[in-house]
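So the chains spell out like this:
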Amino acid sequence: MFTGIVTELGIVRALETSADAARLTIAAADVLDGVRLGDSIAVNGCCLTVAAFDGETWTADLMAETLKRTSLGALAPGDRVNLEPALPVTGRLGGHIVQGHVDGVGTVLARTPGERWEVVEVSLPADLARYVVVKGSIAVDGVSLTVVDAGADRFAVSLIPETLARTTLGARAVGEQVNLETDVLARHVERLLATTAVAS
């Protein structure tokens, strides 16, 4: 489990692709502190398993499902990515509950700067719209954010200076894709209500 609070920005060193898989190598520092093989690290909001590491880089395998559902397959050497290690049981839940299971990909539609913040509008796949509500939580490229506006095919979030400076969202241009994970609690509530309705 993650919280959507980015620990550091990593740099893609390599993306080796095959017919239905890929191997991603990322340069990092903080997330490698105490890391072990098999640990989970979220990359732009996608939970990946550490398959190899040294003092400066770590590598993960991307299966076909990951490449299909996320924007990770479009990464290139030199790209910066948001990194967050899995939350320890004793950790602080600074954002919201994030699983690292990307629901879909959105596109940055607009950026409106303010005096010290910026409103970013993102497209929303139709099947995810019912889980996105004003003042609710959403993870965008793994960053825990509060929804300030929501529609049938788009939503908006406000980015504070800290988010603009410490995550990739500060540099995401209009037209670029971002990974989206909706609130898992909303999905569970929907499932429970549907099951209850059928049972009665």
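Reference entry: report on the structure contained in this document. These numbers come from a predicted model, not from an experiment.

Time to look at the overall build of the protein. Secondary structure assignment for the protein yields three helices and 13 strands. In terms of overall dimensions, the protein is globule-like: its C-alpha atoms have a radius of gyration of 17 Å, near the 16 Å expected for 200 residues. By its C-alpha atoms, the protein is 50 × 50 × 40 Å across when sized along the principal axes. Here the protein, with 200 residues, has 42% of them falling under the buried criterion.

Right, let's get into the sheet that holds strand 6 (residues 57–63). The seven strands are arranged 4-3-7-1-2-6-5 in an open sheet whose pairing can be described as antiparallel. With partners counted over all chains shown, the strands left at the sheet margins are strand 4 (46–49) and strand 5 (52–53), one partner each. Pairing geometry for strand 1 (residues 8–17) and strand 7 (residues 80–85), over four bridges, is antiparallel. The residue bridging Glu8 from the neighbouring strand is Leu83, located in strand 7.

Turning our attention to the nonpolar core. Counting 22 residues, the largest nonpolar core has Leu24, Val43, Leu48, Trp58 and Leu83 as its most contacted members. Broken down by secondary-structure element, the contributors of at least two residues to this core are strand 1, strand 2 (21–27), strand 3 (40–43), strand 4, strand 6 and strand 7. Membership of the second largest hydrophobic core comes to 20 residues, among which are Leu124, Ile138, Val140 and Val143.

Another point: the pattern of salt bridges. Inspection of the entire model under this criterion finds ten salt bridges. The salt bridge partner of Arg23 is Asp61, with a shortest N-O separation of 2.7 Å. Placement of Arg23 in strand 2 and of Asp61 in strand 6 is noted, with a sequence separation of 38 residues between them. For Arg23, a relative accessible area of 32% translates into the label partly exposed. Among the residues examined, Asp61 registers a relative accessible area of 37% and is labelled partly exposed. Salt bridges here are not isolated pairs; linked through shared partners, they connect Glu121, Asp153 and Arg154.

Take the environment of Pro85 next. Inspection of the secondary structure assignment puts Pro85 in strand 7. Relative accessible area serves as the criterion here: at 29%, Pro85 is assigned to the partly exposed category. C-alpha separation for the pair Pro85 and Arg191, spaced 106 residues apart in sequence, amounts to 29 Å. The contacts of Pro85, once residues within four sequence positions are left out, are Phe2, Thr7, Val31, Ser40 and Ile41.

Rules used throughout
- Residues numbered from 1 in each chain as written.
- Predicted model: local features only at pLDDT ≥ 70, side-chain atom pairs only at ≥ 80, totals over all residues.
- Heavy atoms only, no water.
- Helix = DSSP H or I, 4+ residues; strand = E, 2+ residues; numbered from the N terminus.
- Rg over C-alpha atoms; globule rule 2.2 N^0.38 Å.
- Buried < 20%, exposed > 50% of the residue type's maximum accessible area, 1.4 Å probe, protein only.
- Pairing = 2+ DSSP bridges.
- Core = buried A, V, L, I, M, F, W, Y, C linked by side-chain atoms within 4.5 Å.
- Salt bridge = Lys/Arg side-chain N within 4 Å of Asp/Glu carboxyl O.
- Contact = heavy atoms within 4.5 Å.

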